[in-house]
Amino acid sequence: MNSSLFSLENQIVLITGSSRGLGWSMAKAVAEAGASVLLHGRDENLLKERQQHLQELGHNAEHYIFDVANDEEVLAAFGKIQEQHGKLDGLINNAGIQHRRPLTEFELEDFDRVLDVNLRASWLLSREAVRLMQGQGSGSIVNIASIMGTQARKTISAYTTSKAGVVGLTKALAVELGPQGIRCNGIAPGFFATEMNTALVNDSEFTAFVSGRTPMQRWGDPDELGGAAVFLLSKAASYVNGNVIFVDGGLACQV
């Protein structure tokens, strides 16, 4: 197989929430595939460290600081991308938050916050990205969903609702944007040992649950997500549109 199918040379890719966790792992993989990576987050010092790390490895990287739930900041960031690059080839909507509470103790403002960051922001970011992609007649959007977008666990009703919405958004954008040469797909990660899951990783009972429930009998390593992201952004996935790839060690398959 022609390895150039998986090359991201000359592509400019924005990855939200890419200063740590799954976002950082995907940023490294995308940079290694040849793309110019636009890192995103709200911790300027950490973003500068991440940018420097990629640059020291010979990759092209920049960073943007904005709150994905702040419309004005999002629009301003895309204005800068337009001014500095004039295009955008790929967007990975990865930024997300979690909030755990039983339903009767869940405050409405917390529900709204989870939906704003996990779902509404993905819609807005996609809209602005598409406005940059339309001129070139091509582009790829990758939405980071979750196995909790199709399944559920107690105390995370807002998160599950938001990720189910991300799956729906992925399909809606695929149908609408496909005729314009712009593809939209999703990745549904299973249980990964990220900073956001530190408390659960350190919980021996929960880790035993993950090991027992997942056919591969372990947590996922964040770096194991990068390949799927590169694939969906690349020419190798040129006819892949509207799909959600489960990267979960087989968790979603097991009854």
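A quick note: this is a predicted structure, and the numbers were derived from the prediction, not measured.

### Overview of the layout of surface pockets
Its boundaries defined by the atoms lining it, the largest pocket holds a volume of some 1,100 Å³. Those elements that provide at least two residues to the lining of the largest pocket are helix H1 (21–32), strand E2 (36–41), helix H4 (108–133) and helix H5 (157–177). Sort the elements by how many residues they give to the lining of the largest pocket and H1 lands first, with 3 residues. Split by residue class, the lining of the largest pocket holds 18 nonpolar, 14 polar and 10 charged. Classifying every residue of the lining of the second largest pocket by side-chain character gives 2 nonpolar, 11 polar and 4 charged.

### What about unusual backbone geometry?
Here the phi dihedral of Thr-155 falls at roughly 75°; this positive angle occurs in a residue that is not glycine. As for its position among the elements, Thr-155 is in the loop between strand E5 (139–144) and H5. Backbone geometry at Gln-217 places phi at a positive 60°, although glycine is not the residue there. With respect to the helices and strands, the residue Gln-217 is situated in the loop between helix H7 (204–213) and helix H8 (226–233). Accessibility expressed as a relative area gives 58% for Gln-217, which makes it exposed.

### Thoughts on the sheet that holds E2
The sheet built from 7 strands is open, its strands ordered E3-E2-E1-E4-E5-E6-E7 with parallel pairing. A single partner strand is all that each edge strand has here, and the edge strands are strand E3 (61–65) and strand E7 (244–247). Each adjacent strand pair in this sheet contributes to an overall mean axis angle of 20°, direction not counted. Where strand E1 (residues 12–15) lies against E2, 4 bridges are found, and the strand directions are parallel. Among the inter-strand pairings, Ile-15 is bridged to a residue of E2, identified as Leu-39. With respect to the sheet, H4 is in contact with strand E4 (90–93), E5 and strand E6 (182–189), its orientation differing from that of E4 by roughly 180°.

### Description of the pattern of salt bridges
Scanning the model with the defined rule gives 9 salt bridges in all. Between Asp-71 and Arg-120 there is a salt bridge, and its shortest N-O distance comes to 2.8 Å. Taken together, the residues Asp-71 in helix H3 (residues 71–85) and Arg-120 in helix H4 connect sequence positions 49 residues apart. Of the residues examined, Asp-71 reaches a relative accessible area of 31% and is grouped as partly exposed. With a relative accessible area of 43%, Arg-120 lands in the partly exposed category. Arg-218 serves as the salt-bridge partner of Glu-224, at 2.8 Å between the closest nitrogen and oxygen. Taking relative accessible area as the criterion, Glu-224 reaches 39% and is therefore assigned partly exposed. Residues joined in a network through salt bridges with shared partners are Arg-127, Glu-128 and Arg-131.

### A look at the packing of H3 against H4
A pair of packed helices can be characterised by two numbers: the angle between their axes and the separation between those axes. One way to put it is that H3 packs onto H4 with a least axis distance of 11 Å and a crossing angle of 25°. Between H3 and H4, the crossing angle belongs to the class labelled roughly parallel. Of the two possible hands of crossing, H3 and H4 adopt the one that is right-handed. Contacts from Asp-71, Val-74, Leu-75, Phe-78, Ile-81 and Gln-82 in H3 reach Arg-120, Leu-124, Leu-125, Arg-127, Glu-128, Ala-129 and Leu-132 in H4. In terms of residue class, the contact of H3 with H4 is built from 8 nonpolar, 1 polar and 4 charged.

### Structural notes on the environment of His-53
For His-53, the location among the structural elements is in helix H2 (residues 44–56). Taking relative accessible area as the criterion, His-53 reaches 36% and is therefore assigned partly exposed. Taking the C-alpha atoms as reference points, His-53 and Val-166, 113 residues apart in sequence, are found 31 Å from one another.

Quick notes on the rules
Residues numbered from 1 in each chain as written. Predicted model: local features only at pLDDT ≥ 70, side-chain atom pairs only at ≥ 80, totals over all residues. Heavy atoms only, no water. 1 Å grid on protein atoms, 1.4 Å probe; cavity = no way out; pocket = protein on both sides within 12 Å on 5 of 7 lines; lining within 4 Å. Points joined across faces, edges and corners; volume = space filled by probe spheres on them. Helix = DSSP H or I, 4+ residues; strand = E, 2+ residues; numbered from the N terminus. Nonpolar A, V, L, I, M, F, W, Y, C, P; charged D, E, K, R; others polar. Buried < 20%, exposed > 50% of the residue type's maximum accessible area, 1.4 Å probe, protein only. Pairing = 2+ DSSP bridges. Axes fitted to C-alpha atoms, helices over the stretch in contact; angles between N-to-C directions. Contact = heavy atoms within 4.5 Å. Salt bridge = Lys/Arg side-chain N within 4 Å of Asp/Glu carboxyl O. Parallel < 35°, antiparallel > 145°, perpendicular 65-115°, else oblique. Left-handed = near helix turned anticlockwise from the far one by under 90°.

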